[in-house]
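Examination of the molecular architecture
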Amino acid sequence: MSTLTRAYASLLFIAGSALLIGGALLLFLHGTCYYLVLGSSLVASAVLLPRYRRVSVLIYGAQILITLVWAIWEAGNDAWVLAARIMPVVALGGGLVRSLPLAKTAFLLLAAIACGAVAHGLWNPDAPDPLYRAGIAAVHASRDAPPVTSSGDWVHVGNGEGATRFSDLTQITPDNVSRLEVAWVYHTGQPGTALEVTPLKIGGLVYLCTGTNDVIALDAETGLQRWRFSSGAERSAAIAKECRGVTYFHADGAGGSCADRIFTGTIDARLIALDASTGAPCAGFGIAGQVSLLAGMGDWRGRAIPGYYYVTSAPTVVRGNVIVGGWVSDAQYWGEPSGVVRAYNALTGKLEWAFDVGHPDRRGEPPPGEQYTPSTPNAWAPMSADEKLGLVYVPTGNTSGSDYYGVLRRPFDDQFSSSVVALDAAVGSVRWQFQTVHHDLWDYDVAPQPVLAEVNARPALIQATKTGEIFVLDRASGAPIRPVQEVPVSTDGHVPGERIFPTQPASVGMPSFAGPRLEERDMWGVTPIDEMLCRISFQRARYDGIYTPPGVTPFIQYPGILGGIEWSSVALDPVRRILVVNSSRIANYARLIPRAQADAEHRKPEGFGGHYPQRTQAGTPYAVANPPFLSILGIPCQKPPYGTLSAVDVDSGRLIWTRRLGSASGSGPRGTASHLPLPLGTPNLGGSLATRAGLVFIAAGQDRRMRAFRTDDGMLVWQHTLPAASVATPMTYRSDSSGRQFIVVAAGNADPRMGAVGDAVVAYALPHQLPVGDSNR
């Protein structure tokens, strides 16, 4: 026997032994017996190979037949799952399989496919996907609508107070989008900070902010910098350095300096007003153009330790008030800063009102010796406003400091957490409130910005969520327009003293983007060994679907903390009546850690010798660990897709189309890039832009691609490689100087897990020589 044969037999024996042991454990955990069978076959083939090669070949050939039948029975026609189940086994036994006669191999292959397909269809149908629960609508044809005269500007982060992320511009169409080219690129000079901004365009300038709150104005035609305001915020001032947008305000009747203003909130808790023309601070606003957001916060520990309270979303201006919430660090300690929402006079910076859930009747700053109520639900996500109704719509998170443990929460915490709250923009009183998760123990903050639209001739608010639910509510009253049902959820496995709400709201008249309920057969891997280990982890964990109660034994949280639907929210094409939704499907593998164990592991809050990801929940009986559910190779344990782009008929609630968003090219084991241009569906951060011309632009995946899809049917019509992965939402405008329509997106990812990093803002336009039409002029 040759040395090569011995080495090959040793490889089979080692792999087979690992599968044999792991397969026995999986079977003990009530999992599949396949890996035990596979391990036995590999060990037998290895032992028999030196002296009984033909028998060894026949055993391995039979194992390939078993693998084919089993894989098709489990996976159906899912190419990614079939490849992971079949190809490694075939590749490992390639030399042996070639020894089989070709005719017999072909017969076995065909028989296996036929038997597997029948078995799959009869006994193992695909798990129902709640994406289809409201039904399927026909593919839309473009609808005629009267022409609209558009300024060509993009005035709000969501291009309107209602945040539809829709533009009336029609110069770039499905017919000519393939001719788009890069018009200009701007680099912020801060590649180490996330560039999650959606720029604004007013007049001849494009406004954006960096992750450290520098505000920049660019020439809309050329991308050349016109001014830059340095905020002075230190890079160490925040756990995550993010600025998702700035806010434009025009003071009616005012003239001169600061009649037009740009507002930004900072990572060191300041609200700044700048002159939109020059970038100079507005001297009449606060003190030298700034207001400290630390006022009234008391002597909380985070004051001396930066990073516990700051602003990441663009402020909201309505009825002459600029309104801000704040991001409060997750799960660090009970007693973290307040989640108070405050309104300041947009001209003077004077505090007009404060909404503190612990003191709902107090509108001003706390009296001396007091502070805004600590550890209340915060409002870090982008808000929306209805100027006519005089309402600001505030998405809230869950209670700060105890995200996965609710025993210490007070009645007002449970009342306002994980909700959308409509506040009177003039005085800060509550008009109505709708809760998306009761007694939230899963960090299911309401992150997406509310979208305001007309639905069935009613003024509506569309609230997407991390849970994947999309609630359609009456904008004036908060009453559901689409049916909402309280559905029973698991109450088993929680820690002593915890209160588990027995039902949770489900928007049954709309698709759910939570993903199908996970099963063992949904586990996935690059090799049989890492897939088997994922199955073992799945079988060891508690999983009763979404809202599995947190406990000291491992539990699976799905959707994970990424969602569902994140802060980038959804886009609405009001002409075609289509809601565009990008969502992620990544589970977390979580558990509560008793305080004694957490202390022994030196788990401490950020700034007190610990690190933010440890999620210490100091002051409670438990810390929490909730990493993504990944294999030993660093890839998700569940099967693809991990991200989708979908279209929903907003009037009927039915799904029109859905596509995997993102290719495998930027993903791979241990953070490597596979460079496979195959549709995988990647986790995504950043949203979509819809245009009247019938296009959807999005760049939120891990593969550095900016894409355009046809709104009506979801056909991919254009894509381009960005300098870095994008974690932002695109916008569009018409240049006042040339009349060209531009598409602009920030490509400034700072997290290697989400793809290549960078600091670029990229603008696309049609070539100058192409006829551009009037673009709604």
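None of these values were measured; they are calculated from a predicted model.

Reading guide: rules and limits
Residues numbered from 1 in each chain as written. Predicted model: local features only at pLDDT ≥ 70, side-chain atom pairs only at ≥ 80, totals over all residues. Heavy atoms only, no water. Helix = DSSP H or I, 4+ residues; strand = E, 2+ residues; numbered from the N terminus. Buried < 20%, exposed > 50% of the residue type's maximum accessible area, 1.4 Å probe, protein only. Areas by Shrake-Rupley, 256 points an atom, 1.4 Å probe, with all protein chains shown as cover. Contact = heavy atoms within 4.5 Å. Polar contact = N/O pair within 3.5 Å; in protein donor to acceptor, adjacent residues only side chain to side chain. Pairing = 2+ DSSP bridges. Axes fitted to C-alpha atoms, helices over the stretch in contact; angles between N-to-C directions. Expected span 1.5 Å × (residues − 1). Bend = angle between axes of the 7 residues up to and from the residue. Salt bridge = Lys/Arg side-chain N within 4 Å of Asp/Glu carboxyl O. Patch = residues over 30% accessible without salt bridge, like charges linked within 9 Å, V, L, I, M, F, W, Y side chains within 5 Å. Disulfide = S-S within 2.5 Å. Core = buried A, V, L, I, M, F, W, Y, C linked by side-chain atoms within 4.5 Å. Phe/Tyr/Trp six-rings, centres within 6.5 Å; stacked < 30°, edge-to-face > 60°. Lys NZ or Arg CZ within 6 Å of the ring centre and 35° of its normal. pLDDT = per-residue confidence, 0-100.

Looking now at the overall build of the chain. Helix and strand counts for the chain come out as 10 helices and 39 strands. The buried share among the 777 residues of the chain stands at 62%. In the form shown here, the chain has an accessible surface area of approximately 27,600 Å², with 60% of it arising from carbon and sulfur atoms.

So, about the environment of Y642. By the element assignment, Y642 lies in the loop between β30 (622-625) and β31 (643-649). The buried category is assigned to Y642, whose relative accessible area is 4%. Each C-alpha atom, one on Y642 and one on I586, is 6.1 Å from the other, the two residues being 56 residues apart in sequence. Setting aside its immediate chain neighbours within four residues, Y642 contacts W524, S583, S584, R585, I586, P636, L680, G681, T682 and P683. A polar side-chain atom of Y642 sits 2.7 Å from the main-chain carbonyl oxygen of Q638.

For the rest of this paragraph, the subject is the pairing of strand β13 (residues 321-324). Residue alternation in β13 divides its side chains into two sets, N321 and I323 and V322 and V324, and both sets are buried. Connecting strand β12 (residues 316-318) to the next strand, β13, in antiparallel fashion are 2 residues, including R319 with a positive phi near 50°.

This next bit is on the sheet that holds strand β26 (residues 555-557). An order of β26-β29-β30 is seen for the 3 strands of this open sheet, with the pairing classed as antiparallel. Taken across any chain shown, the strands that pair with only one partner, and hence form the sheet edges, are β26 and β30. The average angle at which neighbouring strand axes cross in this sheet is 35°, direction not considered. Here 3 bridges tie β26 to strand β29 (residues 588-594), and the two strands are oriented antiparallel to one another. Counted as the bridge partner of I556 is Y589 from β29.

Between the first and last C-alpha of helix α4 (residues 79-92) there are 19 Å, a value that for 14 residues agrees with the 20 Å anticipated at 1.5 Å per step. A bend of about 30° at I86 is the largest found in α4, and the proline P88 appears one to four places after it. Those residues of α4 that sit buried are W80, V81, L82, A84, R85, I86 and V89. Buried residues in α4 make contact with α2 (34-48), α3 (53-75), α9 (528-540) and β32 (655-660). Among the residues of α4, the N-terminal cap falls to D78, whose side-chain oxygen and the backbone nitrogen of W80 are separated by 3.2 Å.

Taken across its 5 residues, strand β4 (residues 205-209) has 5 buried, putting it largely inside the fold. Sheet topology places strand β3 (residues 200-202) next to β4; 3 bridges connect them, and they run antiparallel. Looking at β4, one finds that I202 is bridged to L205. Here β3 folds back onto β4 in antiparallel fashion, the turn holding 2 residues, of which G203 has a positive phi close to 65°. Note that β4 and strand β5 (residues 215-219) share 5 bridges and pair antiparallel. Residue C209 lies in a different strand from β5, and its bridge partner there is V215. Where β4 folds back onto β5 in an antiparallel hairpin, the turn is made up of 5 residues, including N213, whose phi is positive at roughly 70°.

A few words now on the pattern of salt bridges. Applying the stated criterion to the full structure yields 35 salt bridges. Between E520 and R535 there is a salt bridge whose closest N-O contact spans 2.8 Å. Taken together, the residues span a long stretch of sequence, with E520 in the loop between β25 (503-506) and α9 and R535 in helix α9 at a distance of 15 residues. E520 sits in the buried class, given a relative accessible area of 13%. Under the relative-accessibility criterion, R535 is labelled buried at 0%. The closest approach of N and O atoms between D651 and R577, which form a salt bridge, is 3.1 Å. Of this pair, D651 sits in the loop between β31 and β32 while R577 sits in the loop between β27 (571-573) and β28 (578-584), and the two are 74 residues apart along the sequence. Residue classification places D651 among the partly exposed positions, given a relative accessible area of 24%.

Moving on to a nonpolar patch on the surface. Together, F13, I14 and V47 make up a nonpolar patch on the protein surface, roughly 310 Å² of accessible area in all. Looking at the secondary structure, you find V47 in helix α2.

By the definition in use, this model includes 3 disulfides. In this model, C209 is linked to C243 through a disulfide, with the two sulfur atoms separated by 2.1 Å. Across the S-S bond of C209 and C243 the torsion is about -95°, and the bridge reads as left-handed. Taken as a pair, C209 in strand β4 and C243 in the loop between β6 (225-229) and β7 (247-250) lie far apart in primary sequence, 34 residues in all.

Quick look at the side chain of N378 now. You can see N378 is positioned in the loop between β16 (351-355) and β17 (384-386). Engagement of the side chain of N378 in a polar contact is seen with the side chain of S400, the distance being 2.9 Å. Among all residues touching N378, those that are not within four sequence positions of it are G326, V328, G339, P395, T396, G397, N398 and S400.

On to the sheet that holds β3, then. Sheet architecture is open: 4 strands sit in the order β3-β4-β5-β6, paired in antiparallel fashion. The open sheet has two free edges, formed respectively by β3 and β6, since each of these has just one partner strand. Averaged over neighbouring strand pairs, the angle between their axes works out to 20° when direction is ignored.

W184, Y207, F697, M706 and Y764 are the most contacted members of the largest nonpolar core, which totals 55 residues. Counting 31 residues, the second largest nonpolar core, distinct from the first, contains Y35, I64, V89 and A664.

This part is about the packing of aromatic side chains. Under the definition given, this model contains 21 aromatic pairs. Centroid distance Y310 to W327: 5.0 Å. Interplanar angle 35°. Geometry classified as tilted. Taken together, the residues span a long stretch of sequence, with Y310 in strand β11 (residues 309-310) and W327 in strand β14 (residues 327-328) at a distance of 17 residues. When its relative accessible area of 0% is taken as the criterion, Y310 is described as buried. For W327, a relative accessible area of 10% gives the class buried. An aromatic cluster of three or more residues is present, and its members are Y34, Y35 and W70. One Lys or Arg, R244, reaches over the ring of W567 and ends 4.3 Å from the middle of that ring. Across from the ring centre of Y543, 5.5 Å away, lies the NZ or CZ of R517, which sits over that ring.

Attention now goes to the confidence of the model for the chain. A low pLDDT means the predicted coordinates there should not be read in detail. Looking at the chain, the pLDDT average stands at 89 and 90% of residues meet or exceed 70. Contacts from residues 120-126, a stretch scored under 50 in pLDDT, to residues over four places away or in other chains number 14 contacts. Contacts for the low-pLDDT stretch residues 772-777, under 50 throughout, to residues beyond four places or in other chains number 20 contacts.

Along the polypeptide, L533 turns up in helix α9. Overall, L533 belongs to the partly exposed group, its relative accessible area being 31%. Note: C-alpha distance between L533 and L26 (507 residues apart in sequence) is 8.5 Å.

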